[in-house]
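One-letter residues, chain by chain:
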Amino acid sequence: MARLTSDFWVSAYLRQAALDGFDAVLRRRGASEAGAIFVKLDRLDGTAALYGPAPQALVDESGVRRFQLILDSDPLSVEERVERERRFDPDLWLVEIENRKGDPRLSLAEG
C-alpha cells in the first residue's frame, strides 16, 4: 500500500487534533513528499516527549505511518534533540501537540 505524503499526513494530523479538542501546531514545514515527521508532545506540566519515524524494521505492510518515542524529558532537552535532528535532516517536519494526558495521538511501532 502506498504511503501518504508527509504534507498530507501532517495536514490530517493537525485537523484531527483540532477536531478532538487538542492544540497542535506545525512548527516546521519539511519536504512535502517524504520529509521525516517528528512530533513534540507537551504535557503542560514541565515534561515533554519527542516522537520520530519508527525504523522500517518495525513498520508493518499496512502503509500506516508509525512512530517511536525518541526522548521523554523536559521541554528544553526535547528542543535540543529537535535541533540535533534538524541539523542532521533539514527537510524534517515538526509538529507540536499539547495533551495533559500524555497521548501523542500517534500510531506507535511495537518492538
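Residues numbered from 1 in each chain as written. Predicted model: local features only at pLDDT ≥ 70, side-chain atom pairs only at ≥ 80, totals over all residues. Heavy atoms only, no water.

Peer 1: Quick one: what's the story with helix 2 (residues 75-88), residue by residue and with numbers?
Peer 2: With 14 residues, helix 2 ought to run about 20 Å at 1.5 Å a step, and its terminal C-alpha atoms sit 20 Å apart, in line with that. Of all the positions in helix 2, only Val-78, Val-82 and Glu-85 are classed as buried. Viewed along the axis of helix 2, the buried residues span an arc of 65 degrees, placing them on a single side of the element. Exposed residues lying more than 90 degrees from the buried face of helix 2 are Leu-76 and Arg-87. Looking at the buried positions of helix 2, the neighbouring elements they touch are strand 2 (37-42), strand 3 (48-53), strand 4 (67-73) and strand 5 (93-98). Capping of helix 2 at its N-terminal end is provided by Asp-74; its side-chain oxygen lies 3.2 Å from the backbone amide nitrogen of Leu-76. (Helix = DSSP H or I, 4+ residues; strand = E, 2+ residues; numbered from the N terminus. Expected span 1.5 Å × (residues − 1). Buried < 20%, exposed > 50% of the residue type's maximum accessible area, 1.4 Å probe, protein only. Arc of directions from axis to C-beta. Contact = heavy atoms within 4.5 Å. Polar contact = N/O pair within 3.5 Å; in protein donor to acceptor, adjacent residues only side chain to side chain.)

Peer 1: I'd love a proper account of the sheet that holds strand 2, names of residues and values included.
Peer 2: Spatially, 1-5-2-3-4 is the arrangement adopted by the five strands of the open sheet, whose pairing is mixed. Edge positions in the sheet fall to strand 1 (23-28) and strand 4, since each has one partner strand and no second. Going from strand to strand, the sheet's axes swing by 20 degrees on average, the running direction of each strand aside. Relative to strand 5, strand 1 runs antiparallel, the two sharing five bridges. Among the inter-strand pairings, Leu-26 is bridged to a residue of strand 5, identified as Val-95. Across the face of the sheet, helix 1 (residues 6-19) comes into contact with strand 1, strand 2, strand 4 and strand 5 while running at roughly 10 degrees to strand 5. (Pairing = 2+ DSSP bridges. Axes fitted to C-alpha atoms, helices over the stretch in contact; angles between N-to-C directions.)

Peer 1: With reference to specific residues and values, describe the packing of aromatic side chains.
Peer 2: The final tally for this structure, using the stated rule, is two aromatic pairs. On the basis of an interplanar angle of 15 degrees and a centroid distance of 5.0 Å, the ring pair of Trp-9 and Tyr-13 is categorised as stacked. Here the residue Trp-9 and the residue Tyr-13 both occupy positions in helix 1, the gap between them amounting to four residues, near one helical turn. Ring centres of Trp-9 and Phe-67 lie 5.2 Å apart, and the angle between their planes is 40 degrees; this geometry places the pair in the tilted category. Residue Trp-9 is found in helix 1, and its partner Phe-67 is found in strand 4; the two are separated by 58 residues along the sequence. Both residues of the pair, Trp-9 and Phe-67, count as buried. (Phe/Tyr/Trp six-rings, centres within 6.5 Å; stacked < 30°, edge-to-face > 60°.)

Peer 1: Could you give me a rundown of unusual backbone geometry, with the residues and numbers involved?
Peer 2: The phi torsion at Leu-44 lies on the positive side, around 65 degrees, for a residue other than glycine. The residue Leu-44 is located in the loop between strand 2 and strand 3 in this model. A relative accessible area of 36% places Leu-44 in the partly exposed class. For Arg-105, which is not glycine, the phi dihedral falls at a positive 65 degrees. Structurally, Arg-105 is set in the segment after strand 5. When its relative accessible area of 34% is taken as the criterion, Arg-105 is described as partly exposed.

These values are about where atoms sit, not about what they do.
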